[in-house]
Amino acid sequence: MSNAPDPRRFKLIPVENLNAEQKVVYDAIRSGPRTKLANFSGSKPGPLGGPFNGMLRSPGIGNIVQALGGEIRFKSSIPSKLNELAIMVTARYWTSQYEWTAHCKLALEAGLDPAKARDVAENRRPANMDEDEAIVYDFSRELHEKKSVSDENFKRAVDRFGERGAFDLIAVNGYYSLVSMILNVDRTPLPEGVALPLK
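In this report, the structure presented in the accompanying data block is examined. (Residues numbered from 1 in each chain as written. Predicted model: local features only at pLDDT ≥ 70, side-chain atom pairs only at ≥ 80, totals over all residues. Heavy atoms only, no water.)

1. Comments concerning the overall build of the chain
Thought 1: Scanning the chain for helices and strands turns up eight helices and zero strands.
Thought 2: Counting from the amino terminus, helix and strand elements in the chain follow one another as α-α-α-α-α-α-α-α.
Thought 3: A compact globule built from 199 residues would reach a C-alpha radius of gyration of about 16 Å, and the chain, at 17 Å, matches this within 12%.
Thought 4: Each principal axis of the C-alpha atoms in the chain carries an extent, and together these give about 50 × 35 × 30 Å.
Thought 5: Taken over 199 residues, the chain has a buried fraction of 47%.
Thought 6: Averaging the coordinates of the 27 positive side-chain charges in the chain and doing the same for the 25 negative ones gives two points 5 Å apart. (Helix = DSSP H or I, 4+ residues; strand = E, 2+ residues; numbered from the N terminus. Rg over C-alpha atoms; globule rule 2.2 N^0.38 Å. Buried < 20%, exposed > 50% of the residue type's maximum accessible area, 1.4 Å probe, protein only. Lys, Arg positive; Asp, Glu negative; His and termini not counted. Charge placed at Lys NZ, Arg CZ, Asp CG, Glu CD.)

Below, the structure written as structure tokens:
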């Protein structure tokens, strides 16, 4: 166990110190779909970590945000591997170390080629992407860098995933931009022993 000081700006709140509004958020996260994921920190007893710790500071907003995240993660029309690829593009854009660490692992578990993950981490367009991966990568990267999406990339997304899919791609990039902001401002630490993955 490390004796280094906790770098978080939003210090962890012991469960017994949560107020009634915060307890609503805590219980929603503890009973929601994330608890079915292996290694989800919120399935262990004790305070909520990751971005959820920050969300507790404004429980009305925090509960809406965590519910939105559940919808985007678990009910998107975009297949899991591709949804995780969009999250990785977002984490890379924001250099969100915690988000990258969590979601790169999920992307690899969902079938993303590790070489493609390395390319995204190093700010390179991955080689040998299949068409679906290329659509998601190009749409997401352009959305972050240009603050919009070209007619060509919009049409590619709609032709492949429908208008719902195009919207779901916007939503996943937007939601995880917010999560990246929360994590970066908080200075949420990586699990002990994990090196910073992004330069």
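2. Brief notes about the packing of helix α5 (residues 97-109) against helix α6 (residues 114-121)
Describing two packed helices takes the angle between their axes plus the distance from one axis to the other.
Thought 1: Relative orientation of the contacting elements α5 and α6 amounts to 155°, with a least axis distance of 10 Å. As judged from the angle between their axes, α5 and α6 are roughly antiparallel. By crossing handedness, the relation of α5 to α6 is classed as right-handed. The segment α5 lies against α6, with Trp100, Cys104 and Leu108 engaging Pro114, Ala117, Val120 and Ala121. (Axes fitted to C-alpha atoms, helices over the stretch in contact; angles between N-to-C directions. Parallel < 35°, antiparallel > 145°, perpendicular 65-115°, else oblique. Left-handed = near helix turned anticlockwise from the far one by under 90°. Contact = heavy atoms within 4.5 Å.)

3. Here's the deal with the packing of helix α7 (residues 131-146) against helix α8 (residues 151-186)
Thought 1: For the pair α7 and α8, interaxial distance at closest approach is 10 Å and the crossing angle is 50°. Taken together, the axes of α7 and α8 are oblique relative to one another. Read as a crossing pair, α7 and α8 show a hand that is right-handed. Facing Glu131, Asp132, Ala134, Ile135, Val136, Asp138, Phe139, Ser140, Glu142, Leu143 and His144 of α7, the residues of α8 in contact are Asn153, Phe154, Arg156, Ala157, Arg160, Phe161, Ala166, Leu169, Ile170, Asn173 and Ser177.

4. Some points on the nonpolar core
Thought 1: Core analysis: the largest hydrophobic core is formed by 46 residues, its most contacted members being Met88, Trp100 and Leu169.
Thought 2: Of all elements in the fold, only α1 (20-31), α2 (50-55), α3 (59-74), α4 (80-94), α5, α6, α7 and α8 reach the threshold of two or more residues within this core.
Thought 3: Ranked by residue count, the leading element in this core is α8, at 11 residues.
Thought 4: Excluding residues within four positions of it along the chain, Met88 makes contact with Trp100, His103, Cys104, Ala107, Leu112, Ala117 and Val120. (Core = buried A, V, L, I, M, F, W, Y, C linked by side-chain atoms within 4.5 Å.)

The values reported here are purely geometric and, on their own, carry no functional implication.
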